[in-house]
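# What the coordinates show
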Amino acid sequence: MAPKAKGKATASQQPPLPIEDLFTNLNRHIERSEFEQAVKVADQVLSVAHNDEDAIRCKVVALIKCDSIDKALSIIHSAQRQNLPFDFSYFKAYCLYRQNKLDEALESLKGLEKTSETMLLESQILFRLGKMDACVDVYQKLQKSKIDSLEINLAAGLILAGKSSQVQEMMEANRIKASSSFELAYNTACSLIERNKFTDAEQLLLTARRVGQETLMDDNLAEDDIEIELAPIAVQLAYVQQLLGRSPEAMQAYTEIINRNLADESSFAIAVNNLIALKGSKDVADNLRKLDRLKEQDASAFQLARGLDKLSPKQKEAIYTNRVLLLLHANKMDQARELVAALPDMFADSVLPVLLQAAVFVRENKASKAEEILSQFAEKFPDKSRVILLARAQVAAAAGHPQIAADSLSKIHDIQHMPATVATVVALKERAGDVDGASSVLDSAIKWWSNAMTEDGKLNVIMQEAASFKVRHGKEEDAAHLYEELVKSRGSIDALVGLVNTVARVDVDKAEAYEKKLKPLPGLKGIDVDSLEKTSGAKHIEGAPVVTEAHEEGKKEKPKRKRKRKPRYPKGFDPANPGPPPDPERWLPKRERSSYRPKRKDKRAAQVRGSQGAVAREKHEAGATSTSSSTSNSKSSQAATSKVSAEQSKPSSKSSRKKSRN
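Residues numbered from 1 in each chain as written. Predicted model: local features only at pLDDT ≥ 70, side-chain atom pairs only at ≥ 80, totals over all residues. Heavy atoms only, no water.

Keep this limit in mind: UniProt positions are given in the numbering used here, feature names are shortened, and annotations may be inferred rather than shown by experiment.
In the nomenclature of an unreviewed UniProt entry, the protein chain is known as Signal recognition particle subunit SRP72 of Salix purpurea. Heading Sequence similarities (unreviewed entry) of the UniProt record for the protein chain holds this comment: "Belongs to the SRP72 family." Per UniProt, the comment on the protein chain under Function (unreviewed entry) is "Component of the signal recognition particle (SRP) complex, a ribonucleoprotein complex that mediates the cotranslational targeting of secretory and membrane proteins to the endoplasmic reticulum (ER)."

Given below as structure tokens:
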């Protein structure tokens, strides 16, 4: 057997580099941001020095920089299973944060030392979880650490925590200008939007866009990359235009952002949602197609794509809410029901899921079911019950359940004594037939406003309406008591008039005493009341003007004489020589006039001219015999009789034809 030929030595047969040289190469690749090469070199190090801590750490960081989060996390788990004597909890928490497993990430940070790195990661996790108060507390503790751009994140946290007014104070305390970076200018503009300073916010957003363009052009970014980076500013500018009432401009801006598709996923989703909200219920099918672009492709039901994890819970909730409303408008009840059932788990701290469930039931004509789930939620979460009870009242009132609606409004303690609420509850109870309940609501409101030390005008309004209500339902004594209080305490003329009208039904003498306090009406001095009572009363004549003031005796108006107008004659007509009278039958159709004679048909047209020996069939047409018809006194009846005789005079024998020739 021939010996094998010796070939060149392969790369695998080459002796490995010393570990010092491998670490040198690894450090060089990391400094040059060549992370894929760094991963390969780290594997070479681990092949020589198994379980080396520095090599594993460098490999994990390089994989994270390459966005290979799953691979990095698997290496960390492998190290934990081997019980290696080093801790990767920080890197594990960051990988879980990148995978949007926020609760697990926060749990992984527990027990670690509170360094600036761990606290910064904790603040980011809390921000993503929507726990803004805790996030702001961590940011404020980090202010002493001199972390770059920390004020940008702190401003965002303050805005989402509902503390927009503190953004300006924070910037003044740190001696920072809003225009120092386009990110800070953007966040400051968002704080102005929350404070309803829309014009100032628009100007600051324009400044942010200008600063951003200059900064990114200095970094040599391409135009498309610059547009993607500044997309949040463009979307926010369109939103400000929408708030300022410039809807066409906002709609055009949203449409351009969507059509160009040069925006990050979060900005694109916000532009789609705001455009749908701006359009309302117009073109529902097109709006649903736009929302489908935000859907996770592999999911059967509607679920936001994974790239939209950066959206805040409030923004996600708005998108899901608009999706449900569009499905209701499109009458796709199965999809709406399925989506609504999944919302309580997504947004456990929000009231919108139960409101949407009630909306679905109302759309299905199940108002009682909607009232039931709203009532259960209000009892379970009394601190969130205000909006729920208002919704329940609206559903019940629309469904014809006034008592349920009134009870729901009465349970909202902070508004139950407001005039609008009192008027609504009284009207609902009155519709339900509960007059005593409505009266007690008015009495309770009067008592509350009497003890309150603010706004006496509201007490007057409620007392006036309460008195009018009691008069309307036969409670004259209670109404008179209210009117008396108004007259004594406020001197109200309207209350005095109401008092006179009310007391006159019970005590005439008392009514006359109060009547003397009324100012006399002008023009009533010359009226004799006794003689006026003896008359039968004035009769109303349609079209006659109403007399508002009585005239004094001795002054009588002279009747106005009607002016006689000269008759208008046609042009060229001389009334002195009118000529012959016009024909009285000029307006009648010709066939109905006495002078009408029908045309005779030509008999020669009936002659047959054929070959010799042909037999011609005689055809006789009906003739008009006006002379045989009897003459009547009316010329119109004479014309009608001649017409009938013409239709019936069809000769049937030779003798009749001979007579007609004569």
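Still more to cover.
### Some details on the overall build of the protein chain
The condition is simple: A run of H or I in DSSP becomes a helix once it reaches four residues, and a run of E becomes a strand once it reaches two; helices and strands are each numbered from the N terminus. The contact criterion used throughout is that any non-hydrogen atoms of two residues lie within 4.5 Å.
In terms of helices and strands, the protein chain carries 32 helices and zero strands. The contacts in the protein chain between residues at least 6 apart in sequence include a share of 47% that link residues at least 24 apart.

### Some thoughts on the packing of helix H23 (residues 402–410) against helix H24 (residues 419–432)
What counts here: All axes are obtained by fitting lines to C-alpha atoms, using only the stretch in contact for helices, and the reported angles, taken between N-to-C directions, cover 0 to 180 degrees. The labels follow the angle: roughly parallel below 35 degrees, roughly antiparallel above 145, roughly perpendicular from 65 to 115, and oblique for the rest. Note on convention: near helix rotated counterclockwise from far helix by under a right angle means a left-handed crossing. Clockwise means right-handed. Side-chain classes follow a simple rule in which Ala, Val, Leu, Ile, Met, Phe, Trp, Tyr, Cys and Pro form the nonpolar group, Asp, Glu, Lys and Arg form the charged group, and the remainder, Gly included, forms the polar group.
It is at 8 Å that the axes of H23 and H24 come closest, and there the two elements cross at 155°. When the axis of H23 is compared with that of H24, the two are roughly antiparallel. Crossing handedness for the pair H23 and H24: left-handed. Residue-level contacts link Pro402, Gln403, Ala405, Ala406, Asp407, Leu409 and Ser410 of H23 to Thr421, Thr424, Val425, Leu428, Lys429, Arg431 and Ala432 of H24. Among the residues forming the contact of H23 with H24, the class breakdown is seven nonpolar, four polar and three charged.

### A short note on the nonpolar core
Heads up, the condition is: Each nonpolar core is a collection of buried residues, namely Ala, Val, Leu, Ile, Met, Phe, Trp, Tyr and Cys, held together in the definition by side-chain atoms within 4.5 Å. Exposure is judged per residue with a 1.4 Å probe applied to protein chains only, and the accessible area is read against the type maximum: over 50% gives exposed, under 20% gives buried, and values in between give partly exposed.
Grouped together as the largest cluster of nonpolar side chains are 71 residues, with contacts concentrated most on Ile56, Val60, Ile64, Phe88, Cys95 and Ile125. By size, the runner-up hydrophobic cluster in this structure holds 49 residues, among which are Trp449, Leu459, Ile462 and Ala479.

### Comments concerning the pattern of salt bridges
To be explicit about the condition: Definition used for salt bridges: Asp or Glu carboxyl oxygen within 4 Å of a side-chain nitrogen of Lys or Arg.
Under the criterion given, the structure shown has 22 salt bridges. Between lysine 59 and aspartate 43 there is a salt bridge, and its shortest N-O distance comes to 2.6 Å. Placement of the pair is lysine 59 in helix H3 (residues 53–65) and aspartate 43 in helix H2 (residues 35–48), with a sequence separation of 16 residues. When the shortest N-O distance is used, the salt bridge between lysine 470 and aspartate 443 registers 3.4 Å. Taken as a pair, lysine 470 in helix H26 (residues 456–472) and aspartate 443 in helix H25 (residues 435–451) lie far apart in primary sequence, 27 residues in all. Among the residues examined, lysine 470 registers a relative accessible area of 3% and is labelled buried. What emerges from the salt-bridge pattern is a single network uniting Lys279, Asp286, Arg289 and Lys290.

### Some details on the packing of aromatic side chains
Applied cut-off: Ring pairs shown here join Phe, Tyr and Trp side chains whose ring centres sit within 6.5 Å, with only the six-membered ring taken for Trp; geometry is labelled stacked below 30 degrees between planes, edge-to-face above 60, and tilted in between. Both a distance and an angle decide whether a charge sits over a ring: NZ of Lys or CZ of Arg must be within 6 Å of the ring centre and within 35 degrees of the ring normal.
Under the definition given, this model contains seven aromatic pairs. Relative to phenylalanine 91, the ring of phenylalanine 88 has its centre 6.1 Å away and its plane inclined at 50°; by these criteria the two rings are tilted. We classify phenylalanine 91 as buried; its relative accessible area is 15%. For the pair tryptophan 448 and tryptophan 449, a centre-to-centre distance of 4.9 Å together with 85° between the ring planes defines the contact as edge-to-face. Members of the aromatic cluster, connected to one another through ring pairs, are Phe88, Tyr90 and Phe91. Between the NZ or CZ atom of lysine 384 and the centre of the ring of phenylalanine 381, over which it lies, the distance is 5.3 Å.

### Some words on empty space enclosed by the protein
Here is the rule we go by: Detection works on a 1 Å grid of protein atoms alone, calling trapped sets that fit a 1.4 Å probe cavities and calling open sets with protein on both sides within 12 Å along at least five of seven lines pockets, with lining residues defined by an atom within 4 Å of a point. Grid points are joined across faces, edges and corners, and a volume is the space filled by probe spheres set on the points.
With the rule as written, the count across this model stands at one cavity of 30 Å³ or more. One number sums up the size of the largest cavity: a volume of about 30 Å³. What lines the largest cavity is simply Phe127, Arg128, Lys310, Leu311, Ser312 and Pro313. Within the lining of the largest cavity, the residues separate by chemical class into three nonpolar, one polar and two charged.

### Comments concerning the environment of glutamate 227
Heads up, the rule is: Polar contacts, as counted here, are pairs of nitrogen or oxygen atoms within 3.5 Å of one another; within protein the pair requires one atom able to donate a hydrogen and one able to accept it, and residues that are adjacent in sequence qualify only if both atoms are side-chain atoms.
Residue placement: glutamate 227 occurs in helix H13 (residues 223–229). Among the residues examined, glutamate 227 registers a relative accessible area of 29% and is labelled partly exposed. Each C-alpha atom, one on glutamate 227 and one on arginine 209, is 9.9 Å from the other, the two residues being 18 residues apart in sequence. Discounting residues that sit within four places of it in the chain, glutamate 227 has contacts with Arg260 and Leu262. At a separation of 2.8 Å, a polar atom in the side chain of glutamate 227 contacts the side chain of arginine 260.

### Some thoughts on helix H11 (residues 182–194)
Since the α-helix packs 3.6 residues into each turn, any two residues three or four apart lie on the same face. Formally: What a helix is expected to span follows from its residue count: subtract one and scale by 1.5 Å.
Spanning 13 residues, H11 covers 19 Å between terminal C-alpha atoms, matching the ideal 18 Å at 1.5 Å per step. The element H11 is largely enclosed, with a buried count of 10 among its 13 residues. The complete set of buried residues in H11 reads Phe182, Leu184, Ala185, Asn187, Thr188, Ala189, Cys190, Ser191, Leu192 and Ile193. Residues of H11 that are buried make contact with helix H9 (150–160), helix H10 (165–173), helix H12 (198–218), H13 and helix H14 (231–243). Backbone geometry just after H11 places asparagine 196 at a positive phi near 65°.

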